[in-house]
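Spelled out from the first residue to the last, the chains are:
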2 protein chains.
Amino acid sequence: MEYQEYKEYRDYFKSLIEKKELKELKESVSELSNVVDIAEIIEDMEDKDMLLVFRMLPKDKSAEVFSYMELNDQLRIVNSITDKELSEIIDELYFDDRIDILEEMPANVVTKVLKGTPVNERKLINEFLRYPENSAGSLMTIEYVVLKPEMTVKEALDHIKEVGMDKETIYTCYVENEYKMLIGFVSLRTLVVSDESKKIKDIMIEDVVSVNTLEDQEEVADAFVKYGYIALPVVDGEYRLCGIITFDDIMDIVESEATEDFHKMAAINPSEDEYLDQTPWQLSKNRIPWLLILMISATFTGGIINRYNYILVEYMILNSFVPMMTDTGGNSGSQSSTIVIRALATGEIGLSDAMRVMFKEVKVGIICGGILSFVNFLRLIFIANIDRTIAVLVSITMFITVVLSKFLGAALPMLVKRMNLDPAIMASALITTIIDSVVLLIYFGLAASFLPL
Amino acid sequence: MEYQEYKEYRDYFKSLIEKKELKELKESVSELSNVVDIAEIIEDMEDKDMLLVFRMLPKDKSAEVFSYMELNDQLRIVNSITDKELSEIIDELYFDDRIDILEEMPANVVTKVLKGTPVNERKLINEFLRYPENSAGSLMTIEYVVLKPEMTVKEALDHIKEVGMDKETIYTCYVENEYKMLIGFVSLRTLVVSDESKKIKDIMIEDVVSVNTLEDQEEVADAFVKYGYIALPVVDGEYRLCGIITFDDIMDIVESEATEDFHKMAAINPSEDEYLDQTPWQLSKNRIPWLLILMISATFTGGIINRYNYILVEYMILNSFVPMMTDTGGNSGSQSSTIVIRALATGEIGLSDAMRVMFKEVKVGIICGGILSFVNFLRLIFIANIDRTIAVLVSITMFITVVLSKFLGAALPMLVKRMNLDPAIMASALITTIIDSVVLLIYFGLAASFLPL
């Protein structure tokens with residue numbers, strides 16, 4: 001469904017509510033079958049109307065719709081429905097969605113929900129809530145099929161029918177030995193096309209790719225992108241199966257990890273909330289720290305210019321090339337740093353490639369710097385009619401600037417990564433500030449040596 | 001497998017080859033079962049060694065390994081093996097992988113491959129090769145299961161066993177009516193847990209989310225992220241099923257579309273090749289155009305400074321605040337533009353939110369600008385001991401700079417999107433250049449009006 005269709009449904013529902021044609025409303029609502037679409041439609045309705053439509057959904061569907069809504073809108077519902085309705089919805093949710101929602105809800109809601117849960121389950125939920133945020137453990141679900149190596153294909157298929165899970169998590173079934181250790185997996189496809197009398201141990205694949213409960217979601221996402229599986233098993237330190245993670249949860253993560261890097265590289269502290277849900281004050285809080293740091297550090301650049309005022313007084317023309325010099329340095333540096341930071345994030349390059357990358361960037365710097373300073377020299381001589389000595393000085397500085405900024409743009413993120421920090425925090429803004437100072441030192445240093453003062 | 005393990009395998013294989021212990025090599029190779037890992041291991045070997053190991057793989061496995069290799073390495077293999085070996089590999093590939101590879105291979109290789117293909121298939125391949133690059137049609141595969149509405153569950157399962165596809169593409173089966181139009185889908189899960197005598201038309205879901213053959217891969221990826229399905233059907237203008245796209249192909253796309261935006265925003269023309277595979281010259285070609293444009297446009301900024309030289313001669317101190325002013329403007333502008341460009345790309349905001357977003361960014365600008373100019377004022381008065389009039393002038397300019405750059409940072413990408421262009425080309429570098437000029441005009445404009453000259 002497209003944006004326009006969502007709006008049409010919303011308007012139509014609204015008009016039915018205004019005209020109090022609730023029977024017709026219920027019919028139209030029940031005609032909608034896709035839970036993702038329903039969630040999108042009702043999210044943008046007013047509290048009262050949203051709740052009305054939400055309550056018209058059959059119980060199992062309302063839980064699914066709920067799980068596809070934004071946290072903000074989930075809270076709007078939680079705050080308006082009765083405790084009984086709430087625990088019914090929570091009960092209907094898949095285990096991983098339940099954990100996700102409990103992780104995000106305010107403490108009083110969590111207590112409310114847990115009160116209505118059987119002791120055993122409460123224990124399990126609490127255990128899951130203890131996994132570090134964004135770890136594999138916090139993403140996994142316990143809804144998966146476990147098979148024993150001695151089962152036959154027929155027994156396995158009957159077992160699947162019996163547990164009858166209604167999620168794609170049954171497409172890969174995991175095989176555990178007597179110590180509950182993960183020893184292999186069988187896809188539902190293999191089960192369906194295999195001879196019914198075959199033993200699981202004879203058709204299972206033993207080379208299982210798994211992740212540890214404590215691994216970060218970014219590494220989990222990398223494994224999914226690399227291997228292209230539907231699900232990955234999550235194991236503890238003793239290689240016992242604790243849960244599985246399915247690809248649909250990973251799609252969002254691949255996207256949101258990229259968004260996080262975009263924000264970090266633009267000198268913004270990342271936030272998990274949606275842009276439109278945040279107040280201007282919340283948004284400002286994520287941006288002020290870096291703006292302050294960068295503003296203060298830019299005063300050093302100003303200090304450098306100040307120190308060379310005696311040159312500027314003689315050669316005021318030099319001043320007008322400063323923006324071109326620092327901007328070009330900043331731009332060529334951030335080209336290199338962006339490429340390196342992103343390639344490190346996707347795993348395209350690793351730290352072991354550091355020398356090769358830096359060497360390559362220097363070569364790129366020589367090519368780009370050569371072309372830029374040549375074009376610049378021609379412009380200064382033939383268009384701007386600048387004194388030849390100054391033109392040479394500016395062009396040489398331009399060349400050094402580009403080569404150096406390419407080198408720094410590649411080297412600094414690698415260095416940060418080497419120190420086990422996130423290279424994305426070497427925001428291009430920060431690299432630009434560093435390059436600015438270096439460029440000005442070279443520019444005025446050369447001017448001081450070569451110009452008659 | 002981790003990077004270190006790959007290297008160990010490579011070193012071990014190399015030592016075996018050097019010692020000519022080929023029997024042992026073959027055994028170790030056959031012990032490796034994961035095709036993704038094998039591809040990673042052999043990709044970094046020398047031509048001769050890579051080919052030796054590659055030829056030791058069983059035929060079906062070698063085709064799979066081949067499909068997981070980078071284009072560059074695939075070409076190394078294609079250029080060294082015989083025509084017979086090549087067509088054997090191509091025959092073993094899944095249809096979508098075959099199309100992908102043919103799309104990328106040089107024309108002479110394509111001709112070579114097509115020569116060995118039966119007429120019918122050649123026609124089909126040519127048809128697929130005609131879909132625009134990066135369209136849904138160019139991504140889809142023809143390996144899927146079609147069911148008829150009148151089939152029973154048992155008949156459907158027998159049909160699946162018979163066609164016996166060995167890919168996850170069977171997890172969603174599509175139902176066509178007599179006109180070959182897509183009318184519904186059934187998941188393998190539903191088939192397995194349903195009563196064998198039920199009719200497909202009674203268990204199928206009719207509300208199918210599909211994409212059109214000509215839709216861009218970015219929209220296809222959005223649909224996957226939104227709905228979380230394993231596969232999406234691709235239909236033509238008459239709603240006839242043409243193929244399906246599976247989630248594993250989409251994971252890469254979500255990642256590479258983000259990479260493309262990273263590069264565009266850092267003023268780099270995006271390239272499909274891997275960084276390490278490109279020569280410094282190729283890399284430079286993607287970076288030079290924007291560097292040149294930005295260098296030339298920065299001369300305007302220089303021109304503005306030049307025009308106000310008469311102020312600078314009197315108040316040289318003003319010059320040292322220029323970097324702080326333009327940098328802060330650039331940074332706050334690129335914070336806003338990055339957030340807006342990324343939110344537009346992920347669909348978090350749309351053009352219909354334009355007014356709301358710009359209004360919000362202005363508010364953020366007032367908060368950030370207020371804090372920054374206040375801190376700056378204190379620093380100028382108490383630490384730098386600057387004249388109070390100048391301190392007020394600089395602080396007022398700082399405030400206007402931040403508010404304005406937040407507004408421009410949000411508005412310019414929206415404007416570009418409104419003109420149906422890619423907002424990512426409003427590279428933060430370009431926005432910075434625009435903001436630079438505006439800031440300097442305000443700064444010197446205010447100085448000219450308020451300072452005694």
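On a predicted model such as this, the values are computed, not experimentally measured, just so you know.

**Some details on the overall build of chain A**
In terms of regular secondary structure, chain A is built from 22 helices and 6 strands. A compact globule built from 453 residues would reach a C-alpha radius of gyration of about 22 Å, whereas chain A, at 30 Å, exceeds it by more than 25%. Referenced to the eigenvectors of the C-alpha coordinate spread, the extents of chain A come out at roughly 90 × 65 × 35 Å. The contacts of chain A with a sequence gap of at least 6 include a subset with a gap of at least 24, amounting to 66%.

**Structural notes on the interface of chain A and chain B**
Listed per partner, the contact involves 113 residues of chain A and 113 residues of chain B. Buried area between chain A and chain B, summed over both chains or domains, comes out near 10,300 Å², and the portion from carbon and sulfur atoms is 66%. The largest contributions to the chain A side of the interface with chain B come from Met251, Phe262 and Tyr275 of chain A, which together make up 8% of the buried area. Our count for the contact surface shared by chain A and chain B stands at 2 salt bridges. Taking the shortest distance from any N to any O, the salt bridge between Glu361 of chain A and Arg287 of chain B comes out at 2.7 Å. Linking chain A with chain B are 36 residue pairs in polar contact (both at pLDDT 80 or more). The biggest single contributor to the side of chain A that touches chain B is helix 17 (residues 280–307) of chain A, with 17 residues. Residue composition of the side of chain A that touches chain B, grouped by class: 58 nonpolar, 27 polar and 28 charged.

**Some words on the sheet that holds strand 3 (residues 182–187) of chain A**
In a beta sheet, neighbouring strands pair by backbone hydrogen bonds and run either parallel or antiparallel. All names here are of chain A. Spatially, the 3 strands line up as an open sheet ordered 1-2-3, and their pairing is mixed. One side of each edge strand has no neighbouring strand; the edge strands of this open sheet are strand 1 (146–147) and strand 3. The sheet contact formed by strand 2 (residues 172–176) and strand 3 spans 5 bridges and is antiparallel. Paired with Tyr174 across the two strands is Phe185, which belongs to strand 3.

**A closer look at the UniProt feature "transmembrane region" (unreviewed entry) in chain A**
All names here are of chain A. Look at the UniProt record and you will see "transmembrane region" (unreviewed entry) annotated at residues 288–308, 364–384, 390–412 and 424–451. Regarding residues 288–308, the helix share stands at 95% and the strand share at 0%, and the terminal C-alpha atoms are separated by 31 Å. Along residues 364–384, the helical share is 95% and the strand share 0%, with 28 Å between the first and last C-alpha atoms.

**Description of the nonpolar core**
Judged by nonpolar contacts, the single largest core of 166 residues is most densely connected at Leu188, Leu191 and Ile200 of chain A together with Leu188, Leu191 and Ile200 of chain B. Ignoring sequence-local partners within four residues, the contact set of Ile200 of chain B consists of Leu147, Lys148, Pro149, Met151, Thr152, Ala156, Val175, Val186 and Leu191 of chain B. Of all hydrophobic cores here, the second largest spans 119 residues; its members include Ile268, Ile305, Ala343 and Leu380 of chain B.

**Brief notes about the UniProt feature "domain: CBS" (unreviewed entry) in chain A**
With numbering matched to this structure, UniProt assigns "domain: CBS" (unreviewed entry) to residues 204–260 of chain A. The distance from the first to the last C-alpha atom of residues 204–260 of chain A is 39 Å, and the span holds 44% helix and 23% strand.

**Brief notes about the sheet that holds strand 6 (residues 241–246) of chain B**
Residue and element names in this part refer to chain B. Overall, mixed pairing links the 3 strands, which are arranged 4-5-6 in an open sheet. Each having just a single partner strand, strand 4 (211–212) and strand 6 make up the two edges of the open sheet. Sheet analysis places strand 5 (residues 231–235) next to strand 6, joined by 5 bridges and oriented antiparallel. Its bridge partner being in strand 6, Leu232 is matched across the sheet by Ile245.

**So, a negative patch on the surface**
All names here are of chain A. A cluster of like negative charges, contributed by Asp100, Glu103, Glu104, Glu133, Glu272, Asp273 and Asp277, occupies part of the molecular surface. Among the secondary structure elements, Glu103 is positioned in helix 8 (residues 95–104). Judged by its relative accessible area of 31%, Glu103 falls in the partly exposed class.

**As for helix 5 (residues 59–67) of chain B**
Turning to helix 5 of chain B, its buried residues are Lys61, Ser62, Ala63, Val65 and Phe66 of chain B. Close packing links the buried residues of helix 5 of chain B with helix 3 (35–43), helix 4 (47–56), helix 6 (71–78), helix 7 (83–92) and helix 8 (95–104) of chain B.

**Regarding the pairing of strand 3 (residues 182–187) of chain B**
Strand 3 of chain B sits mainly inside the fold: 5 of its 6 residues count as buried. Following strand 2 (residues 172–176) of chain B, the chain reverses through 5 residues before pairing antiparallel with strand 3 of chain B; Lys180 of chain B in that reversal takes a positive phi of roughly 65°.

**Some details on a nonpolar patch on the surface**
Together, Phe374, Leu378, Phe382 and Ile383 of chain A make up an exposed nonpolar region whose accessible area comes to about 470 Å². Examined against the element boundaries, Phe382 of chain A turns out to sit in helix 20 (residues 354–383).

**What to know about the relation of the copies chain A and chain B**
Once turned by 180° and shifted 0.0 Å along the axis, chain A lies on chain B with an RMSD of 0.3 Å. Given the turn and translation reported, the copies of this chain are related as if by a two-fold rotation axis.

**Structural notes on the pairing of strand 2 of chain A**
For strand 2 of chain A, the buried fraction is high: 5 of the 5 residues fall into the buried class. Of the two faces of strand 2 of chain A, both are covered, the one formed by Thr172, Tyr174 and Glu176 of chain A as well as the one formed by Cys173 and Val175 of chain A.

**Looking at the pattern of salt bridges**
Two side chains of opposite charge can pair, provided their charged atoms sit close to one another. With the rule as written, the count across this model stands at 36 salt bridges over all chains. Put simply, Lys264 of chain B and Asp422 of chain B hold a salt bridge, and the shortest N to O gap is 2.3 Å. Of this pair, Lys264 of chain B sits in helix 16 (residues 247–265) while Asp422 of chain B is found in the loop between helix 21 (388–418) and helix 22 (428–450), placing the two residues 158 residues apart along the sequence. Where salt bridges share partners, they join Asp47, Asp73 and Arg76 of chain A into one cluster.

About the cut-offs
- Residues numbered from 1 in each chain as written.
- Chains lettered and ligands numbered in written order.
- Predicted model: local features only at pLDDT ≥ 70, side-chain atom pairs only at ≥ 80, totals over all residues.
- Heavy atoms only, no water.
- Helix = DSSP H or I, 4+ residues; strand = E, 2+ residues; numbered from the N terminus.
- Rg over C-alpha atoms; globule rule 2.2 N^0.38 Å.
- Contact = heavy atoms within 4.5 Å.
- Buried area = accessible area lost by both parts, 1.4 Å probe.
- Salt bridge = Lys/Arg side-chain N within 4 Å of Asp/Glu carboxyl O.
- Polar contact = N/O pair within 3.5 Å; in protein donor to acceptor, adjacent residues only side chain to side chain.
- Nonpolar A, V, L, I, M, F, W, Y, C, P; charged D, E, K, R; others polar.
- Pairing = 2+ DSSP bridges.
- UniProt positions renumbered as here; feature names shortened; annotations may be inferred.
- Core = buried A, V, L, I, M, F, W, Y, C linked by side-chain atoms within 4.5 Å.
- Buried < 20%, exposed > 50% of the residue type's maximum accessible area, 1.4 Å probe, protein only.
- Patch = residues over 30% accessible without salt bridge, like charges linked within 9 Å, V, L, I, M, F, W, Y side chains within 5 Å.
- Areas by Shrake-Rupley, 256 points an atom, 1.4 Å probe, with all protein chains shown as cover.
- Lys, Arg positive; Asp, Glu negative; His and termini not counted.
- Charge placed at Lys NZ, Arg CZ, Asp CG, Glu CD.
- Least-squares fit on C-alpha atoms with pLDDT ≥ 70 in both.

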